[in-house]
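Residue-level structural notes
Chain by chain, the residues:
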Amino acid sequence: QVQLVESGGGLVQAGGSLRLSCAASGRTFSSYAMVWFRQAPGKEREFVAAISWSGDHTFYADSVKGRFTISRDNAKNTVYLQLNSLKPEDTAVYYCAADHVLSSWQSNYDYWGQGTQVTVSS
């Protein structure tokens, strides 16, 4: 079993940057694909970015491609999401999730964090 704790959210002006972290418990973190989703008020939760267990493969939602970067440090049991050139429409609760299979489908992921709020002011 994996427990996930996100951090790094906050309030930032449009055009600014944040780095989110997701710390995982357990010795088998390096065997899990990791993903970030987000949920804006009144909207469905949506895929943001994913990374394979090795870090060799990443993919992104079109809406964040070129602005967000996902990475991981298996020695620290942590996955990161660097958010650059933030826009008001990026405002959401950001969740990390883990599973052995790399996917952008929410139903694929069994382990979820509690979320961290990102608010981008215009």
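It should be noted that the structure appears before, not after, this text.
Computed from a predicted structure; not experimentally measured.

What follows concerns the sheet that holds strand β8 (residues 78–83). Read across the open sheet, the four strands follow the order β1-β3-β8-β7; overall the sheet is antiparallel. The sheet terminates laterally at β1 (4–7) and β7 (68–73), the two strands that pair on one side only. On average, each strand axis in the sheet is inclined to that of its neighbour by 15°, with strand direction left out of account.

This part is about the packing of aromatic side chains. The final tally for this structure, using the stated rule, is five aromatic pairs. Here F37 and Y109 contribute two aromatic rings whose centre-to-centre distance is 5.9 Å and whose plane-to-plane angle is 75°, an arrangement assigned as edge-to-face. You can see F37 sitting in strand β4 (residues 33–39) and its partner Y109 sitting in the loop between β9 (92–99) and β10 (111–112), a full 72 residues away along the chain. By the burial criterion, F37 is buried, and Y109 matches it. For F37, a relative accessible area of 0% puts it in the buried group. Three or more aromatic residues link up through ring pairs in this structure, and these residues are F37, F47, F59, Y109 and W112. Note that R45 overlies the ring of Y95, its terminal NZ or CZ placed 4.9 Å from the centroid.

Criteria and cut-off values
Residues numbered from 1 in each chain as written. Predicted model: local features only at pLDDT ≥ 70, side-chain atom pairs only at ≥ 80, totals over all residues. Heavy atoms only, no water. Pairing = 2+ DSSP bridges. Helix = DSSP H or I, 4+ residues; strand = E, 2+ residues; numbered from the N terminus. Axes fitted to C-alpha atoms, helices over the stretch in contact; angles between N-to-C directions. Phe/Tyr/Trp six-rings, centres within 6.5 Å; stacked < 30°, edge-to-face > 60°. Buried < 20%, exposed > 50% of the residue type's maximum accessible area, 1.4 Å probe, protein only. Lys NZ or Arg CZ within 6 Å of the ring centre and 35° of its normal.

Without other data, these values stay purely geometric and don't point to any function.
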